[in-house]
Amino acid sequence: SNNLNLWNINFIIIKIFQKIIFNRFKKMELNKLICAINRLTPEAKPKWGKMSATQMIWHCKKFIIFYQNEKNYSPTLMTKTLGYMHMFFLRHIIKWDYDKYPKNTPTLKFFDPARAKDIDFENEKKELIERLKMVNKYTKKFIINPMHGKITRETFKEVVRGHTSFHLKQFDVL
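Residues numbered from 1 in each chain as written. Predicted model: local features only at pLDDT ≥ 70, side-chain atom pairs only at ≥ 80, totals over all residues. Heavy atoms only, no water.

## Brief notes about helix 4 (residues 77-93)
Then, number 1: Look at helix 4: 23 Å from first C-alpha to last across 17 residues, which is about the 24 Å you get at 1.5 Å a residue.
Then, number 2: Along helix 4, the residues that are buried comprise Thr-79, Gly-83, His-86, Met-87 and Leu-90. One side of helix 4 carries all its buried residues, which in axial view fall inside an arc of 100°. Away from its buried face, by an angle of more than 90 degrees, helix 4 presents the exposed residues Leu-77, Met-78, Met-85 and Ile-93.
Then, number 3: Close packing links the buried residues of helix 4 with helix 3 (53-67), strand 2 (149-152) and helix 6 (153-170).
Then, number 4: Note on helix 4: the residue one or two positions beyond its end, Lys-95, has a positive phi of about 50°. (Helix = DSSP H or I, 4+ residues; strand = E, 2+ residues; numbered from the N terminus. Expected span 1.5 Å × (residues − 1). Buried < 20%, exposed > 50% of the residue type's maximum accessible area, 1.4 Å probe, protein only. Arc of directions from axis to C-beta. Contact = heavy atoms within 4.5 Å.)

## Focus on the pairing of strand 2
Then, number 1: Of the strand pairs in this sheet, strand 1 (residues 142-145) and strand 2 are connected by 4 bridges, and their pairing is antiparallel. From the neighbouring strand, Asn-145 faces strand 2, where its bridge partner is Gly-149.
Then, number 2: Following strand 1, the chain reverses through 3 residues before pairing antiparallel with strand 2. (Pairing = 2+ DSSP bridges.)

## As for the pattern of salt bridges
Then, number 1: Enumeration over the complete set of coordinates arrives at 11 salt bridges.
Then, number 2: Put simply, Lys-61 and Glu-124 hold a salt bridge, and the shortest N to O gap is 3.2 Å. With a gap of 63 residues between them, Lys-61 in helix 3 and Glu-124 in helix 5 (residues 121-136) connect regions that are remote in the sequence.
Then, number 3: The exposure class of Lys-61 is buried, given its relative accessible area of 8%.
Then, number 4: One salt bridge in this structure joins Glu-70 and Arg-131, with 2.7 Å as the shortest N-O distance. Here Glu-70 is found in the loop between helix 3 and helix 4, whereas its partner Arg-131 is found in helix 5, with 61 residues between them in sequence.
Then, number 5: By sharing partners, the salt bridges in this structure join Glu-29, Lys-32, Glu-158 and Arg-161 into a single network. (Salt bridge = Lys/Arg side-chain N within 4 Å of Asp/Glu carboxyl O.)

Here is the structure:
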């Protein structure tokens, strides 16, 4: 009976710890991202890479659209393979520390910033902010996307948060 109670206490402690670690996309974190986006100007220059600030905002918005599988993309064997390798990299190599993420890595065609043409900067900022709020409010336990397959809500929010913050740091607003 004591072993069972000890096991229950350990289980509860582990669950609380998981919530603390994986629930970074809280209101405070969302507000930090929104403030950083609002500090961004079309003239902002990146610390690395070739993207303009407008292309970066568009890229982050398109990433969320893709990651939510809003357009019902059918994953290819290549996408699935790269996706599983990418998730392994995020979890076990950089351990969710996006400051360790390599800079200037190629991106998927759907959210390639070179495809961003005739974009209204202020409108893109508003759309990105609305999408981040939508991600923050996501309540389903899992999401299935063409890149990483079936993932938890917490992983979904962390990938979007990490990707967006990585690029906001690229433009020195976060």
